[in-house]
Amino acid sequence: MTSKGTRTTALTVELRPFPKPVATMPSSRGVRLLFWCVLGLLVGIPWTTGATTTSAPSAAAMATTDPELERIAAEQHNCLRCHAMPTLAYRSPTDGEIVDLSIDRNALAHSAHAELSCVECHHRSYTRYPHPRRAAPRDFDCLGCHRDDADPRFAWDHIETEFAHSVHARSEAPNAEGFSCQSCHHPHRFRTTQIGDPLTWIVQEHNQVCLSCHTQLISAASASHDWLPNRAAHWDAVRCVDCHTPADDHANHRILAAEDSPRDCVGCHSADARLLARLYHFRSEEDIARTGLIAKAIYNESYVVGMSRSPLLDRLSLAILVLVVLMLTAHGVGRYLVHREHKRSS
Amino acid sequence: MTAHYLYPAWLRLWHWANAVLFVLLIASGVSMHFAGPDWLIPFATARVIHNTTGILLTIGWIGFIVANARTSNGHHYRLHFRGLITQLVAQTHYYLIGIFRREPHPFHVSETMKFNVLQQLTYLSVMYALMPLLIISGWAFLYSVYLPETVFGIGSVWIVAMTHVVVSYLLALFLLVHLYIITTGETVFANLRAMITGWHRDTTPGHDSPQPPRETP
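Here we summarise the structure given alongside this text. (Residues numbered from 1 in each chain as written. Chains lettered and ligands numbered in written order. Predicted model: local features only at pLDDT ≥ 70, side-chain atom pairs only at ≥ 80, totals over all residues. Heavy atoms only, no water.)

### So, the overall build of chain A
And step 1. A count of helical and extended segments in chain A gives 14 helices and 2 strands.
And step 2. A buried classification covers 38% of the 346 residues belonging to chain A.
And step 3. A fraction of 65% describes how many contacts in chain A between residues 6 or more apart in sequence connect residues 24 or more apart.
And step 4. Just so you have it, chain A exposes about 20,000 Å², and 59% of that area is on carbon and sulfur atoms. (Helix = DSSP H or I, 4+ residues; strand = E, 2+ residues; numbered from the N terminus. Buried < 20%, exposed > 50% of the residue type's maximum accessible area, 1.4 Å probe, protein only. Contact = heavy atoms within 4.5 Å. Areas by Shrake-Rupley, 256 points an atom, 1.4 Å probe, with all protein chains shown as cover.)

### Concerning the pattern of salt bridges
All names here are of chain A.
And step 1. Scanning all chains against the criterion turns up 4 salt bridges over all chains.
And step 2. Two residues, arginine 71 and glutamate 68, come together in a salt bridge whose shortest N-O distance is 2.7 Å. Of this pair, arginine 71 and glutamate 68 both sit in helix H3 (residues 67–83), 3 residues apart, which is roughly one turn of that helix.
And step 3. When its relative accessible area of 36% is taken as the criterion, arginine 71 is described as partly exposed.
And step 4. Accessibility expressed as a relative area gives 41% for glutamate 68, which makes it partly exposed.
And step 5. With its nearest N and O atoms 2.5 Å apart, the salt bridge here joins glutamate 75 to arginine 71. Here glutamate 75 pairs with arginine 71, and both are found in helix H3, just 4 residues apart, close to one helical turn.
And step 6. Looking at glutamate 75, the relative accessible area reads 25%, which means it is partly exposed. (Salt bridge = Lys/Arg side-chain N within 4 Å of Asp/Glu carboxyl O.)

### Some points on a nonpolar patch on the surface
Residue and element names in this part refer to chain B.
And step 1. Residues Ile55, Leu56, Ile59, Trp139, Leu142, Tyr143 and Tyr146 make up a contiguous nonpolar surface patch of about 700 Å² in total accessible area.
And step 2. Where the nonpolar patch is concerned, the elements lending two or more residues are helix H2 (43–70) and helix H4 (117–142).
And step 3. Counting residues per element, the nonpolar patch draws most heavily on H2, which supplies 3 residues. (Patch = residues over 30% accessible without salt bridge, like charges linked within 9 Å, V, L, I, M, F, W, Y side chains within 5 Å.)

### Here's the deal with the interface of chain B and chain A
And step 1. Contact with chain B, which involves 33 residues of that partner, is made by 31 residues of chain A.
And step 2. Taking both sides of the interface into account, the surface hidden between chain B and chain A amounts to around 2,900 Å²; carbon and sulfur atoms contribute 69%.
And step 3. Taken together, the connections running from chain B to chain A amount to 0 salt bridges.
And step 4. At the level of elements, helix H1 (9–33), H2, strand E3 (154–155) and helix H5 (156–181) of chain B are the ones that each hand at least two residues to the side of chain B that touches chain A.
And step 5. When residues in the side of chain B that touches chain A are grouped by element, the largest group, 12 residues, is from H5(B).
And step 6. Residues of the side of chain B that touches chain A, tallied by class, amount to 23 nonpolar, 7 polar and 3 charged. (Buried area = accessible area lost by both parts, 1.4 Å probe. Nonpolar A, V, L, I, M, F, W, Y, C, P; charged D, E, K, R; others polar.)

Dropping the structure here:
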(Lines give C-alpha, C1' and ligand atoms only; values in the text may rest on other atoms or scores of the structure.)
Protein backbone atom coordinates (compact mmCIF):
# COMPACT_ATOMS: atom_id res chain seq x y z
CA MET A 1 0.00 0.00 0.00
CA THR A 2 1.37 3.34 -0.91
CA SER A 3 0.18 6.85 -0.79
CA LYS A 4 -0.17 6.64 -4.55
CA GLY A 5 -3.18 4.54 -3.85
CA THR A 6 -2.15 1.30 -5.38
CA ARG A 7 -3.92 -1.81 -4.21
CA THR A 8 -5.54 -0.77 -0.97
CA THR A 9 -8.23 -3.19 0.04
CA ALA A 10 -10.47 -3.04 3.02
CA LEU A 11 -9.72 -3.93 6.54
CA THR A 12 -6.96 -4.38 8.88
CA VAL A 13 -5.48 -7.74 8.77
CA GLU A 14 -2.51 -8.50 10.69
CA LEU A 15 -0.39 -11.54 10.78
CA ARG A 16 2.16 -11.84 13.49
CA PRO A 17 3.30 -9.52 16.16
CA PHE A 18 6.16 -7.33 15.41
CA PRO A 19 8.97 -7.09 17.82
CA LYS A 20 9.71 -3.55 18.84
CA PRO A 21 10.99 -1.81 15.73
CA VAL A 22 14.71 -2.12 15.54
CA ALA A 23 16.21 -0.09 12.80
CA THR A 24 19.64 0.63 13.95
CA MET A 25 22.57 -1.24 15.20
CA PRO A 26 24.77 -0.13 18.01
CA SER A 27 28.03 0.85 16.43
CA SER A 28 29.75 1.09 19.77
CA ARG A 29 29.54 -2.64 20.15
CA GLY A 30 30.85 -3.31 16.69
CA VAL A 31 32.96 -6.25 17.59
CA ARG A 32 30.25 -8.06 19.46
CA LEU A 33 27.82 -7.22 16.72
CA LEU A 34 30.15 -8.48 14.08
CA PHE A 35 30.45 -11.70 16.01
CA TRP A 36 26.71 -12.20 16.10
CA CYS A 37 26.26 -11.32 12.47
CA VAL A 38 29.04 -13.64 11.37
CA LEU A 39 27.53 -16.35 13.53
CA GLY A 40 24.18 -15.63 11.95
CA LEU A 41 25.68 -15.86 8.50
CA LEU A 42 27.44 -19.12 9.26
CA VAL A 43 24.35 -20.73 10.69
CA GLY A 44 21.94 -19.22 8.27
CA ILE A 45 23.68 -19.71 4.97
CA PRO A 46 23.22 -23.50 4.76
CA TRP A 47 19.51 -23.08 5.33
CA THR A 48 18.90 -20.15 3.09
CA THR A 49 21.26 -20.58 0.18
CA GLY A 50 18.75 -22.57 -1.80
CA ALA A 51 16.01 -20.07 -1.15
CA THR A 52 18.27 -17.13 -1.93
CA THR A 53 19.26 -18.49 -5.24
CA THR A 54 15.99 -19.97 -6.32
CA SER A 55 13.29 -17.64 -5.06
CA ALA A 56 12.75 -14.19 -6.39
CA PRO A 57 12.76 -11.20 -4.12
CA SER A 58 9.16 -10.48 -4.78
CA ALA A 59 6.32 -12.44 -6.27
CA ALA A 60 5.16 -9.32 -8.02
CA ALA A 61 8.51 -8.76 -9.56
CA MET A 62 8.65 -12.35 -10.70
CA ALA A 63 5.51 -11.97 -12.68
CA THR A 64 6.37 -8.77 -14.45
CA THR A 65 8.96 -7.09 -16.53
CA ASP A 66 8.04 -3.64 -15.24
CA PRO A 67 11.37 -1.82 -14.88
CA GLU A 68 10.21 -0.10 -11.70
CA LEU A 69 9.28 -3.40 -10.09
CA GLU A 70 12.56 -4.88 -11.24
CA ARG A 71 14.39 -2.04 -9.55
CA ILE A 72 12.43 -2.61 -6.33
CA ALA A 73 13.06 -6.33 -6.52
CA ALA A 74 16.77 -5.70 -6.94
CA GLU A 75 16.82 -3.37 -3.95
CA GLN A 76 14.89 -5.86 -1.84
CA HIS A 77 17.27 -8.55 -2.92
CA ASN A 78 20.22 -6.51 -1.71
CA CYS A 79 18.72 -6.30 1.76
CA LEU A 80 17.36 -9.82 1.82
CA ARG A 81 20.73 -11.30 1.06
CA CYS A 82 21.38 -10.89 4.75
CA HIS A 83 17.94 -10.30 6.24
CA ALA A 84 16.30 -13.38 4.71
CA MET A 85 18.49 -15.52 6.92
CA PRO A 86 16.27 -16.87 9.67
CA THR A 87 19.08 -16.72 12.22
CA LEU A 88 20.09 -13.11 11.67
CA ALA A 89 19.89 -11.52 15.09
CA TYR A 90 21.85 -9.74 17.74
CA ARG A 91 21.61 -9.37 21.47
CA SER A 92 20.42 -5.96 22.55
CA PRO A 93 23.02 -4.27 24.69
CA THR A 94 20.32 -2.42 26.64
CA ASP A 95 18.11 -5.26 27.82
CA GLY A 96 20.02 -8.32 26.72
CA GLU A 97 17.16 -9.62 24.59
CA ILE A 98 17.79 -11.22 21.23
CA VAL A 99 16.61 -8.88 18.48
CA ASP A 100 15.44 -10.75 15.42
CA LEU A 101 16.54 -9.07 12.20
CA SER A 102 15.35 -11.76 9.82
CA ILE A 103 12.58 -11.28 7.31
CA ASP A 104 10.47 -14.07 5.86
CA ARG A 105 11.01 -13.66 2.14
CA ASN A 106 7.80 -15.41 1.14
CA ALA A 107 5.66 -13.56 3.66
CA LEU A 108 7.07 -10.26 2.41
CA ALA A 109 6.39 -11.27 -1.19
CA HIS A 110 2.73 -11.88 -0.33
CA SER A 111 2.34 -8.89 1.95
CA ALA A 112 0.67 -5.59 1.16
CA HIS A 113 4.13 -4.02 1.05
CA ALA A 114 5.54 -6.50 -1.46
CA GLU A 115 5.98 -3.84 -4.09
CA LEU A 116 7.82 -1.42 -1.86
CA SER A 117 11.51 -1.00 -1.76
CA CYS A 118 12.93 -1.44 1.76
CA VAL A 119 14.25 2.12 1.83
CA GLU A 120 10.74 3.50 1.33
CA CYS A 121 10.29 2.91 5.07
CA HIS A 122 13.88 2.50 6.22
CA HIS A 123 15.06 5.90 5.11
CA ARG A 124 18.61 5.86 6.40
CA SER A 125 21.41 4.98 4.06
CA TYR A 126 22.41 1.37 4.47
CA THR A 127 25.54 1.44 2.38
CA ARG A 128 27.66 1.23 5.49
CA TYR A 129 27.91 -1.76 7.68
CA PRO A 130 26.97 -1.91 10.53
CA HIS A 131 23.95 0.16 9.58
CA PRO A 132 23.40 3.58 11.17
CA ARG A 133 22.38 3.38 14.76
CA ARG A 134 19.41 5.71 14.91
CA ALA A 135 16.25 5.54 12.86
CA ALA A 136 15.76 8.27 10.28
CA PRO A 137 13.05 10.82 11.13
CA ARG A 138 10.34 9.24 8.99
CA ASP A 139 11.30 5.63 9.55
CA PHE A 140 8.28 3.41 10.25
CA ASP A 141 5.85 6.28 9.92
CA CYS A 142 2.78 4.40 8.65
CA LEU A 143 0.60 7.46 8.40
CA GLY A 144 3.36 9.28 6.59
CA CYS A 145 2.41 7.15 3.59
CA HIS A 146 -1.16 6.20 4.40
CA ARG A 147 -2.69 9.44 5.64
CA ASP A 148 -3.32 10.68 2.11
CA ASP A 149 -4.58 7.34 0.92
CA ALA A 150 -7.31 7.98 -1.59
CA ASP A 151 -9.30 4.88 -0.68
CA PRO A 152 -12.46 6.06 1.14
CA ARG A 153 -12.62 2.82 3.12
CA PHE A 154 -9.68 4.01 5.17
CA ALA A 155 -10.30 6.90 7.48
CA TRP A 156 -6.76 7.34 8.69
CA ASP A 157 -7.46 10.35 10.87
CA HIS A 158 -10.15 8.31 12.60
CA ILE A 159 -7.79 5.40 12.99
CA GLU A 160 -5.22 7.67 14.61
CA THR A 161 -7.83 9.02 17.05
CA GLU A 162 -9.22 5.57 17.78
CA PHE A 163 -5.77 4.19 18.42
CA ALA A 164 -4.98 7.09 20.76
CA HIS A 165 -7.98 6.01 22.88
CA SER A 166 -7.22 2.31 22.75
CA VAL A 167 -6.18 0.40 25.84
CA HIS A 168 -2.80 -0.27 24.27
CA ALA A 169 -2.03 3.42 23.78
CA ARG A 170 -3.35 4.47 27.20
CA SER A 171 -1.94 1.61 29.20
CA GLU A 172 0.87 2.35 31.59
CA ALA A 173 1.97 -1.26 31.67
CA PRO A 174 5.67 -1.59 30.87
CA ASN A 175 5.07 -4.10 28.09
CA ALA A 176 2.68 -1.68 26.35
CA GLU A 177 5.40 0.95 26.08
CA GLY A 178 6.13 1.95 22.51
CA PHE A 179 2.99 0.28 21.21
CA SER A 180 2.51 1.31 17.61
CA CYS A 181 0.88 0.25 14.35
CA GLN A 182 3.64 -2.26 13.77
CA SER A 183 2.98 -3.98 17.07
CA CYS A 184 -0.05 -5.63 15.44
CA HIS A 185 0.40 -4.91 11.75
CA HIS A 186 3.72 -6.51 10.94
CA PRO A 187 4.92 -4.47 7.98
CA HIS A 188 6.83 -7.37 6.47
CA ARG A 189 3.88 -9.75 6.66
CA PHE A 190 0.78 -7.60 6.71
CA ARG A 191 -1.78 -8.28 4.03
CA THR A 192 -5.36 -7.17 3.83
CA THR A 193 -8.17 -9.67 4.19
CA GLN A 194 -9.53 -10.63 0.85
CA ILE A 195 -13.13 -11.57 0.18
CA GLY A 196 -13.06 -15.32 -0.17
CA ASP A 197 -10.51 -15.89 2.57
CA PRO A 198 -11.96 -18.68 4.71
CA LEU A 199 -13.64 -17.28 7.79
CA THR A 200 -11.87 -19.73 10.07
CA TRP A 201 -8.54 -18.59 8.68
CA ILE A 202 -9.41 -14.94 9.27
CA VAL A 203 -10.41 -15.69 12.86
CA GLN A 204 -7.30 -17.74 13.52
CA GLU A 205 -4.88 -15.25 12.01
CA HIS A 206 -6.43 -12.23 13.67
CA ASN A 207 -6.58 -13.88 17.08
CA GLN A 208 -3.00 -15.07 16.76
CA VAL A 209 -1.90 -11.43 16.76
CA CYS A 210 -3.54 -10.85 20.15
CA LEU A 211 -2.52 -14.19 21.62
CA SER A 212 1.13 -13.72 20.70
CA CYS A 213 1.33 -11.09 23.43
CA HIS A 214 -1.57 -12.20 25.66
CA THR A 215 -0.01 -15.63 26.02
CA GLN A 216 -1.60 -16.24 29.41
CA LEU A 217 -4.94 -16.77 27.65
CA ILE A 218 -3.65 -19.84 25.83
CA SER A 219 -3.03 -21.73 29.04
CA ALA A 220 -5.54 -24.48 29.65
CA ALA A 221 -5.70 -23.39 33.28
CA SER A 222 -6.61 -19.84 32.35
CA ALA A 223 -9.90 -18.72 33.87
CA SER A 224 -10.12 -15.77 31.52
CA HIS A 225 -13.39 -15.58 29.58
CA ASP A 226 -14.77 -18.48 31.60
CA TRP A 227 -18.12 -16.66 31.75
CA LEU A 228 -18.44 -17.32 28.04
CA PRO A 229 -20.52 -20.44 27.27
CA ASN A 230 -18.58 -22.88 25.09
CA ARG A 231 -15.48 -20.73 25.38
CA ALA A 232 -13.41 -22.82 22.97
CA ALA A 233 -16.14 -22.73 20.34
CA HIS A 234 -16.39 -18.96 20.65
CA TRP A 235 -12.65 -18.52 20.34
CA ASP A 236 -12.60 -20.68 17.23
CA ALA A 237 -15.38 -18.73 15.58
CA VAL A 238 -15.09 -15.15 16.80
CA ARG A 239 -12.23 -12.69 16.62
CA CYS A 240 -11.01 -11.02 19.81
CA VAL A 241 -11.57 -7.62 18.18
CA ASP A 242 -15.23 -8.44 17.52
CA CYS A 243 -15.87 -7.93 21.23
CA HIS A 244 -12.86 -5.87 22.23
CA THR A 245 -13.56 -2.93 19.93
CA PRO A 246 -16.65 -0.72 19.75
CA ALA A 247 -19.26 -1.93 17.27
CA ASP A 248 -18.59 -0.08 14.08
CA ASP A 249 -18.89 -0.46 10.35
CA HIS A 250 -15.17 -0.36 9.81
CA ALA A 251 -12.36 -2.01 11.69
CA ASN A 252 -12.23 0.14 14.78
CA HIS A 253 -8.74 0.61 16.24
CA ARG A 254 -9.93 1.57 19.70
CA ILE A 255 -9.14 -1.69 21.48
CA LEU A 256 -11.23 -1.89 24.63
CA ALA A 257 -10.10 -3.01 28.05
CA ALA A 258 -11.68 -6.22 29.35
CA GLU A 259 -13.97 -4.30 31.71
CA ASP A 260 -15.23 -2.09 28.87
CA SER A 261 -15.92 -4.96 26.47
CA PRO A 262 -19.46 -6.23 26.07
CA ARG A 263 -20.53 -9.41 27.82
CA ASP A 264 -24.11 -9.54 26.61
CA CYS A 265 -25.05 -12.59 24.59
CA VAL A 266 -27.70 -10.61 22.74
CA GLY A 267 -25.05 -8.37 21.22
CA CYS A 268 -24.19 -11.23 18.90
CA HIS A 269 -27.20 -13.52 19.22
CA SER A 270 -29.83 -11.18 17.87
CA ALA A 271 -31.12 -9.81 14.62
CA ASP A 272 -28.97 -6.67 14.77
CA ALA A 273 -25.94 -8.55 15.97
CA ARG A 274 -22.62 -6.80 15.83
CA LEU A 275 -21.11 -9.87 14.24
CA LEU A 276 -23.28 -9.43 11.19
CA ALA A 277 -21.87 -5.96 10.72
CA ARG A 278 -18.31 -7.09 11.30
CA LEU A 279 -16.80 -10.52 10.99
CA TYR A 280 -19.72 -12.00 9.10
CA HIS A 281 -19.69 -9.02 6.82
CA PHE A 282 -16.83 -10.75 5.05
CA ARG A 283 -18.65 -14.03 4.87
CA SER A 284 -21.67 -12.21 3.59
CA GLU A 285 -19.62 -10.60 0.86
CA GLU A 286 -17.99 -13.93 0.27
CA ASP A 287 -21.41 -15.53 -0.14
CA ILE A 288 -22.42 -12.90 -2.64
CA ALA A 289 -19.22 -13.35 -4.55
CA ARG A 290 -19.54 -17.11 -4.57
CA THR A 291 -23.22 -17.88 -4.76
CA GLY A 292 -25.07 -14.75 -5.67
CA LEU A 293 -27.72 -12.64 -4.05
CA ILE A 294 -30.42 -15.32 -3.88
CA ALA A 295 -28.31 -17.51 -1.62
CA LYS A 296 -27.50 -14.44 0.45
CA ALA A 297 -31.21 -13.75 0.90
CA ILE A 298 -31.86 -17.30 2.07
CA TYR A 299 -28.92 -17.34 4.47
CA ASN A 300 -29.56 -13.85 5.69
CA GLU A 301 -29.20 -13.37 9.43
CA SER A 302 -28.81 -17.05 10.17
CA TYR A 303 -25.12 -17.49 10.83
CA VAL A 304 -24.95 -17.35 14.57
CA VAL A 305 -26.17 -20.32 16.52
CA GLY A 306 -29.31 -19.29 18.38
CA MET A 307 -30.05 -16.65 15.81
CA SER A 308 -32.00 -18.84 13.45
CA ARG A 309 -33.94 -15.94 12.14
CA SER A 310 -35.68 -15.95 8.83
CA PRO A 311 -37.90 -12.85 8.83
CA LEU A 312 -40.15 -14.27 6.11
CA LEU A 313 -40.66 -17.55 7.96
CA ASP A 314 -41.29 -15.71 11.23
CA ARG A 315 -43.90 -13.43 9.73
CA LEU A 316 -45.63 -16.28 7.94
CA SER A 317 -45.66 -18.53 11.01
CA LEU A 318 -46.87 -15.83 13.37
CA ALA A 319 -49.59 -14.89 10.90
CA ILE A 320 -50.76 -18.52 10.78
CA LEU A 321 -50.71 -18.75 14.58
CA VAL A 322 -52.76 -15.55 14.92
CA LEU A 323 -55.18 -16.78 12.26
CA VAL A 324 -55.63 -20.08 14.09
CA VAL A 325 -56.26 -18.28 17.38
CA LEU A 326 -58.90 -16.14 15.67
CA MET A 327 -60.52 -19.20 14.10
CA LEU A 328 -60.57 -21.08 17.40
CA THR A 329 -61.98 -18.04 19.17
CA ALA A 330 -64.69 -17.72 16.55
CA HIS A 331 -65.42 -21.45 16.88
CA GLY A 332 -65.66 -21.11 20.66
CA VAL A 333 -67.92 -18.09 20.44
CA GLY A 334 -70.12 -19.99 17.97
CA ARG A 335 -70.38 -22.93 20.37
CA TYR A 336 -71.25 -20.62 23.24
CA LEU A 337 -73.99 -18.90 21.22
CA VAL A 338 -75.46 -22.27 20.21
CA HIS A 339 -75.30 -23.43 23.82
CA ARG A 340 -77.02 -20.23 25.05
CA GLU A 341 -79.69 -20.48 22.38
CA HIS A 342 -80.32 -24.10 23.30
CA LYS A 343 -80.56 -23.24 27.00
CA ARG A 344 -82.98 -20.41 26.28
CA SER A 345 -85.23 -22.55 24.09
CA SER A 346 -85.31 -25.44 26.56
CA MET B 1 -73.00 -42.89 33.76
CA THR B 2 -69.98 -44.88 32.74
CA ALA B 3 -66.32 -44.30 33.42
CA HIS B 4 -63.22 -45.52 31.66
CA TYR B 5 -59.78 -45.49 33.20
CA LEU B 6 -57.97 -44.18 30.13
CA TYR B 7 -54.97 -42.39 31.57
CA PRO B 8 -52.72 -44.43 33.89
CA ALA B 9 -50.55 -42.58 36.38
CA TRP B 10 -47.35 -42.75 34.30
CA LEU B 11 -49.17 -41.26 31.32
CA ARG B 12 -50.64 -38.40 33.32
CA LEU B 13 -47.30 -37.71 34.94
CA TRP B 14 -45.59 -37.68 31.56
CA HIS B 15 -48.36 -35.52 30.07
CA TRP B 16 -48.17 -32.81 32.71
CA ALA B 17 -44.38 -32.86 32.82
CA ASN B 18 -44.45 -32.49 29.06
CA ALA B 19 -46.90 -29.61 29.37
CA VAL B 20 -44.65 -27.73 31.81
CA LEU B 21 -41.60 -28.41 29.63
CA PHE B 22 -43.48 -27.19 26.54
CA VAL B 23 -44.34 -23.91 28.23
CA LEU B 24 -40.77 -23.39 29.42
CA LEU B 25 -39.35 -24.36 26.05
CA ILE B 26 -41.64 -21.98 24.20
CA ALA B 27 -40.90 -19.10 26.59
CA SER B 28 -37.14 -19.63 26.49
CA GLY B 29 -37.12 -20.47 22.77
CA VAL B 30 -39.02 -17.33 21.85
CA SER B 31 -36.69 -15.31 24.10
CA MET B 32 -33.63 -16.59 22.27
CA HIS B 33 -35.19 -16.44 18.84
CA PHE B 34 -36.35 -12.85 19.17
CA ALA B 35 -33.52 -11.90 21.55
CA GLY B 36 -33.26 -8.26 22.44
CA PRO B 37 -36.51 -6.78 23.83
CA ASP B 38 -36.63 -6.26 27.60
CA TRP B 39 -39.85 -8.18 28.13
CA LEU B 40 -38.22 -11.44 27.06
CA ILE B 41 -36.13 -13.72 29.28
CA PRO B 42 -32.46 -12.60 29.15
CA PHE B 43 -30.60 -14.59 26.52
CA ALA B 44 -28.09 -16.15 28.95
CA THR B 45 -30.91 -17.35 31.25
CA ALA B 46 -33.09 -18.50 28.37
CA ARG B 47 -30.20 -20.53 26.98
CA VAL B 48 -29.79 -22.50 30.20
CA ILE B 49 -33.56 -23.02 30.58
CA HIS B 50 -33.94 -24.13 26.96
CA ASN B 51 -31.00 -26.55 27.10
CA THR B 52 -32.12 -28.08 30.40
CA THR B 53 -35.78 -28.43 29.48
CA GLY B 54 -34.82 -29.70 26.02
CA ILE B 55 -32.77 -32.50 27.58
CA LEU B 56 -35.63 -33.33 29.97
CA LEU B 57 -38.09 -33.33 27.05
CA THR B 58 -35.84 -35.81 25.24
CA ILE B 59 -35.79 -38.11 28.27
CA GLY B 60 -39.57 -37.80 28.58
CA TRP B 61 -40.10 -38.56 24.92
CA ILE B 62 -37.88 -41.64 25.02
CA GLY B 63 -39.78 -42.78 28.13
CA PHE B 64 -43.08 -42.27 26.34
CA ILE B 65 -41.97 -44.24 23.27
CA VAL B 66 -40.67 -47.10 25.42
CA ALA B 67 -43.83 -47.14 27.56
CA ASN B 68 -46.01 -47.04 24.45
CA ALA B 69 -44.16 -50.03 23.07
CA ARG B 70 -44.47 -51.98 26.31
CA THR B 71 -47.98 -51.15 27.49
CA SER B 72 -51.45 -51.24 25.98
CA ASN B 73 -51.34 -47.47 25.48
CA GLY B 74 -49.45 -48.10 22.23
CA HIS B 75 -52.45 -49.58 20.46
CA HIS B 76 -54.21 -46.19 20.51
CA TYR B 77 -51.50 -45.04 18.11
CA ARG B 78 -52.02 -47.87 15.61
CA LEU B 79 -53.70 -46.53 12.54
CA HIS B 80 -56.52 -48.59 10.99
CA PHE B 81 -56.89 -47.73 7.36
CA ARG B 82 -60.30 -49.37 6.90
CA GLY B 83 -62.92 -46.63 6.97
CA LEU B 84 -60.28 -44.00 7.62
CA ILE B 85 -61.53 -41.53 5.00
CA THR B 86 -65.16 -41.91 6.08
CA GLN B 87 -64.26 -41.31 9.72
CA LEU B 88 -62.06 -38.37 8.72
CA VAL B 89 -64.91 -36.74 6.80
CA ALA B 90 -67.41 -37.42 9.59
CA GLN B 91 -65.10 -36.03 12.29
CA THR B 92 -64.21 -32.92 10.26
CA HIS B 93 -67.88 -32.38 9.48
CA TYR B 94 -68.68 -32.61 13.17
CA TYR B 95 -66.07 -30.00 14.20
CA LEU B 96 -67.00 -27.61 11.42
CA ILE B 97 -70.78 -27.99 11.33
CA GLY B 98 -72.25 -30.71 13.56
CA ILE B 99 -70.96 -29.23 16.79
CA PHE B 100 -73.03 -26.08 16.12
CA ARG B 101 -76.13 -28.16 15.42
CA ARG B 102 -75.68 -30.12 18.64
CA GLU B 103 -75.33 -33.30 16.63
CA PRO B 104 -74.05 -36.36 18.48
CA HIS B 105 -70.31 -37.05 18.36
CA PRO B 106 -69.48 -39.36 15.47
CA PHE B 107 -66.92 -41.15 17.68
CA HIS B 108 -67.29 -42.87 21.04
CA VAL B 109 -64.37 -43.26 23.41
CA SER B 110 -63.65 -46.76 24.62
CA GLU B 111 -60.78 -48.49 26.30
CA THR B 112 -59.83 -50.03 22.97
CA MET B 113 -59.70 -46.62 21.20
CA LYS B 114 -59.61 -43.30 22.99
CA PHE B 115 -58.75 -41.13 19.98
CA ASN B 116 -61.00 -40.15 17.14
CA VAL B 117 -59.32 -40.37 13.76
CA LEU B 118 -58.32 -36.70 13.64
CA GLN B 119 -56.78 -36.92 17.08
CA GLN B 120 -55.03 -40.14 16.18
CA LEU B 121 -53.48 -38.66 13.03
CA THR B 122 -52.47 -35.52 14.92
CA TYR B 123 -50.89 -37.35 17.85
CA LEU B 124 -49.13 -39.78 15.52
CA SER B 125 -47.63 -36.87 13.59
CA VAL B 126 -46.69 -35.00 16.74
CA MET B 127 -45.20 -37.84 18.75
CA TYR B 128 -43.61 -39.90 15.99
CA ALA B 129 -42.58 -37.23 13.46
CA LEU B 130 -42.46 -33.69 14.83
CA MET B 131 -41.08 -34.52 18.29
CA PRO B 132 -38.17 -36.63 16.96
CA LEU B 133 -37.38 -33.90 14.43
CA LEU B 134 -37.49 -31.27 17.16
CA ILE B 135 -35.31 -33.32 19.47
CA ILE B 136 -32.76 -34.28 16.83
CA SER B 137 -32.46 -30.70 15.56
CA GLY B 138 -32.23 -29.44 19.14
CA TRP B 139 -29.35 -31.78 19.94
CA ALA B 140 -27.72 -30.88 16.63
CA PHE B 141 -27.89 -27.26 17.80
CA LEU B 142 -26.27 -28.21 21.10
CA TYR B 143 -23.41 -29.89 19.26
CA SER B 144 -23.38 -27.68 16.18
CA VAL B 145 -19.62 -27.21 16.38
CA TYR B 146 -19.25 -30.86 15.42
CA LEU B 147 -21.49 -30.58 12.40
CA PRO B 148 -19.95 -30.42 8.95
CA GLU B 149 -19.76 -26.90 7.52
CA THR B 150 -22.16 -27.77 4.71
CA VAL B 151 -24.55 -30.55 3.77
CA PHE B 152 -25.29 -30.86 0.05
CA GLY B 153 -23.83 -27.40 -0.38
CA ILE B 154 -26.11 -25.81 2.22
CA GLY B 155 -24.84 -24.61 5.57
CA SER B 156 -25.61 -27.41 8.03
CA VAL B 157 -26.35 -25.06 10.92
CA TRP B 158 -28.84 -23.26 8.74
CA ILE B 159 -30.62 -26.55 7.95
CA VAL B 160 -30.70 -27.44 11.65
CA ALA B 161 -31.91 -23.96 12.62
CA MET B 162 -34.68 -23.88 10.06
CA THR B 163 -35.83 -27.43 10.91
CA HIS B 164 -35.94 -26.55 14.59
CA VAL B 165 -37.82 -23.31 14.01
CA VAL B 166 -40.37 -24.76 11.57
CA VAL B 167 -41.08 -27.77 13.80
CA SER B 168 -41.34 -25.45 16.81
CA TYR B 169 -43.94 -23.32 15.05
CA LEU B 170 -45.90 -26.44 14.07
CA LEU B 171 -45.84 -27.71 17.65
CA ALA B 172 -46.94 -24.30 18.93
CA LEU B 173 -49.82 -24.59 16.47
CA PHE B 174 -50.60 -28.05 17.80
CA LEU B 175 -50.59 -26.73 21.36
CA LEU B 176 -53.11 -24.01 20.50
CA VAL B 177 -55.49 -26.47 18.84
CA HIS B 178 -54.94 -29.02 21.60
CA LEU B 179 -55.84 -26.46 24.29
CA TYR B 180 -59.03 -25.61 22.43
CA ILE B 181 -60.07 -29.16 21.56
CA ILE B 182 -59.97 -30.29 25.20
CA THR B 183 -62.88 -27.93 25.79
CA THR B 184 -65.05 -29.79 23.27
CA GLY B 185 -65.77 -32.70 25.61
CA GLU B 186 -69.06 -33.34 27.29
CA THR B 187 -68.45 -30.22 29.33
CA VAL B 188 -65.74 -27.60 28.91
CA PHE B 189 -63.56 -29.10 31.66
CA ALA B 190 -64.50 -32.78 31.30
CA ASN B 191 -61.41 -33.74 29.33
CA LEU B 192 -59.11 -31.67 31.50
CA ARG B 193 -60.49 -33.41 34.56
CA ALA B 194 -59.97 -36.79 32.89
CA MET B 195 -56.27 -36.06 32.37
CA ILE B 196 -55.99 -35.19 36.07
CA THR B 197 -57.92 -38.12 37.54
CA GLY B 198 -57.30 -40.67 34.83
CA TRP B 199 -61.03 -41.46 34.60
CA HIS B 200 -63.07 -40.48 31.61
CA ARG B 201 -66.70 -40.09 32.70
CA ASP B 202 -69.69 -40.22 30.41
CA THR B 203 -73.20 -39.16 31.31
CA THR B 204 -74.50 -39.09 27.77
CA PRO B 205 -77.99 -40.68 27.74
CA GLY B 206 -78.06 -43.93 25.86
CA HIS B 207 -74.39 -44.67 26.48
CA ASP B 208 -74.57 -46.32 29.86
CA SER B 209 -72.18 -48.99 28.90
CA PRO B 210 -68.92 -48.49 27.04
CA GLN B 211 -70.26 -45.42 25.23
CA PRO B 212 -68.85 -42.37 26.94
CA PRO B 213 -68.12 -39.05 25.18
CA ARG B 214 -66.11 -39.03 21.98
CA GLU B 215 -63.50 -36.50 22.75
CA THR B 216 -60.35 -36.79 24.71
CA PRO B 217 -57.53 -34.33 24.73
